[in-house]
Amino acid sequence: MEYWIWLSLLPYIGPVTANRLLEHFGNPSRVYHAESSELVKVKGITGRQIQSIADNKSLDCIWKLMDSCHQNNISLLLKSDARYPERAKRLEDAPIVLYYKGHFEDIKVPVAIVGARRCTQEAKFYAVELAEQYARNGQTVISGMAKGIDSYAHTACLKEDGYTIAIVGNGLDMCYPSEHKKLMDCIIEKGLLLSEYPPGIRPSRYTFPRRNRLISAWAERIIVIAPGKGSGALITAEYGRKYGRQVEIIHI
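So, how was this worked out
- Residues numbered from 1 in each chain as written.
- Predicted model: local features only at pLDDT ≥ 70, side-chain atom pairs only at ≥ 80, totals over all residues.
- Heavy atoms only, no water.
- Helix = DSSP H or I, 4+ residues; strand = E, 2+ residues; numbered from the N terminus.
- Rg over C-alpha atoms; globule rule 2.2 N^0.38 Å.
- Buried < 20%, exposed > 50% of the residue type's maximum accessible area, 1.4 Å probe, protein only.
- Areas by Shrake-Rupley, 256 points an atom, 1.4 Å probe, with all protein chains shown as cover.
- Lys, Arg positive; Asp, Glu negative; His and termini not counted.
- Charge placed at Lys NZ, Arg CZ, Asp CG, Glu CD.
- Disulfide = S-S within 2.5 Å.
- Core = buried A, V, L, I, M, F, W, Y, C linked by side-chain atoms within 4.5 Å.
- Contact = heavy atoms within 4.5 Å.
- Axes fitted to C-alpha atoms, helices over the stretch in contact; angles between N-to-C directions.
- Left-handed = near helix turned anticlockwise from the far one by under 90°.
- Nonpolar A, V, L, I, M, F, W, Y, C, P; charged D, E, K, R; others polar.
- Pairing = 2+ DSSP bridges.
- Phe/Tyr/Trp six-rings, centres within 6.5 Å; stacked < 30°, edge-to-face > 60°.
- Salt bridge = Lys/Arg side-chain N within 4 Å of Asp/Glu carboxyl O.

### Digging into the overall build of the chain
For step 1, the next point in the chain: The secondary structure content of the chain amounts to 12 helices and eight strands.
For step 2, the next point in the chain: Computed over C-alpha atoms, the radius of gyration of the chain comes to 19 Å, within 12% of the 18 Å expected from 2.2 N^0.38 for 252 residues, which places it in the range of a compact globule.
For step 3, the next point in the chain: Its C-alpha atoms give the chain principal-axis dimensions of about 60 × 35 × 30 Å.
For step 4, the next point in the chain: Going through the 252 residues of the chain one by one, you find that 53% of them count as buried.
For step 5, the next point in the chain: By element, 47% of the accessible surface of the chain is carried by carbon and sulfur atoms, the whole surface being about 12000 Å².
For step 6, the next point in the chain: For the chain, the distance from the average position of its 33 positive side-chain charges to the average position of its 27 negative side-chain charges is 4 Å.

### A short note on the state of the cysteines
For step 1, the next point in the chain: Tallied over the entire structure, the rule returns zero disulfides.
For step 2, the next point in the chain: Unpaired in terms of disulfides, C69 finds its nearest cysteine sulfur in C61, a separation of 12 Å.
For step 3, the next point in the chain: Using a relative accessible area of 2% as the deciding quantity, one classes C69 as buried.
For step 4, the next point in the chain: The structure places no disulfide on C175, whose sulfur is separated from the nearest cysteine sulfur, that of C186, by 11 Å.

### Considering the nonpolar core
For step 1, the next point in the chain: In terms of nonpolar packing, the biggest core is built from 38 residues, with W6, L7, L21, I53, Y99 and M145 touching the most fellow members.
For step 2, the next point in the chain: At the level of secondary structure, the elements contributing two or more residues to this core comprise α1 (2–8), α2 (15–25), α3 (28–32), α5 (47–55), α6 (60–71), β1 (75–78), β2 (97–102) and α10 (181–190).
For step 3, the next point in the chain: Excluding its chain neighbours within four sequence positions, the residues that come into contact with L7 are A18, L21, L22, P28, V31 and I96.

### Here we look at the packing of helix α8 (residues 121–136) against helix α9 (residues 149–159)
For step 1, the next point in the chain: Between α8 and α9, the least distance of the axes is 8 Å, while the angle of their chain directions is 35°. The handedness of the crossing between α8 and α9 is right-handed. For the pair α8 and α9, contact is made by A123, K124, A127, V128, A131, E132 and A135 and by I149, Y152, A153, A156 and C157, respectively.
For step 2, the next point in the chain: When grouped by side-chain class, the residues that make up the contact of α8 with α9 number 10 nonpolar, no polar and two charged.

### Topic: the pairing of strand β7 (residues 221–225)
For step 1, the next point in the chain: Within β7, four of the five residues are buried, which leaves the element mostly enclosed by the surrounding structure.
For step 2, the next point in the chain: Direction of pairing for strand β3 (residues 111–115) relative to β7: parallel, over a ladder of five bridges. Paired with V111 across the strands is R221, a residue of β7.
For step 3, the next point in the chain: Note: β7 against strand β8 (residues 246–250), five bridges, orientation parallel.

### Brief notes about the packing of aromatic side chains
For step 1, the next point in the chain: Enumeration according to the criterion identifies six aromatic pairs in this entry.
For step 2, the next point in the chain: Judged by centre distance (4.8 Å) and plane angle (70°), the rings of W6 and Y32 are edge-to-face. Taken as a pair, W6 in helix α1 and Y32 in helix α3 lie far apart in primary sequence, 26 residues in all. This pair shows no difference in class: W6 is buried, exactly as Y32 is.
For step 3, the next point in the chain: An angle of 45° between the planes, with centres 6.0 Å apart, marks the rings of Y84 and W218 as tilted. Pair noted here: Y84 is in the loop between β1 and α7 (86–89) and W218 is in helix α11 (residues 207–218), with a separation of 134 residues, a long-range link. For the pair Y84 and W218, one class covers both residues: buried.
For step 4, the next point in the chain: The structure contains a cluster of three or more aromatic residues connected by ring pairs, namely Y3, W6 and Y32.

### So, the pattern of salt bridges
For step 1, the next point in the chain: What the rule picks out here adds up to nine salt bridges.
For step 2, the next point in the chain: The shortest N-O distance in the salt bridge between R136 and E160 comes to 3.6 Å. Of this pair, R136 sits in helix α8 while E160 is found in the loop between α9 and β5 (164–167), placing the two residues 24 residues apart along the sequence.
For step 3, the next point in the chain: The exposure class of E160 is partly exposed, given its relative accessible area of 29%.
For step 4, the next point in the chain: Where R221 meets E248, a salt bridge forms, and the shortest distance between an N and an O atom there is 2.6 Å. Highlighted residues: R221 in strand β7 and E248 in strand β8, separated in sequence by 27 residues.

Set out below in structure tokens:
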């Protein structure tokens, strides 16, 4: 476990390079103990990345992180875990470690419903009706727990006793937005709260687009409702198209 976390947090090494290292060496422990002469053979690796591996041969901070996860009831999902969906796992930029709260169920025909934070009543009702319908059909509803369409979709799914996954852009030791604490607790109790960020990482302009890519990766279909110009929901749609997902944009 500790070597997986170590590899996922190395400076200058993102998911693409981490996956290439795993493909080359087979497991993170072998990456940790690899010499520069071995690392240079990895496809696309740079000198700065090789130096990063050499400069970070310590697990002290990893033990502290694991303690923080334990204290905050945060569990870890490794890419090697059978619960990691194949549709997401096979992407070249799939995170090798994810953090979660809640529980895993069979993720059936997952649909992402995302959209505007500020929307009309018509857009809200549309999102609610869709989420209720998918929940009644036994499908998983995925969203980002943001204000507006995201929260309406999660709430509607939960009210129908459906299974929902919230993918967030911060560590799971905090709630963002803070007013969604009750919703977050309900998702943890009945669904799954997921992030690629360890405890202590706050949401930012960088983490939200990364979160949006994960929503696309975990879904089979993406429905974007009433997106504003340049909104994060449209970033989700762009990633969805890149990943070959079915994408539908609803302007209301």
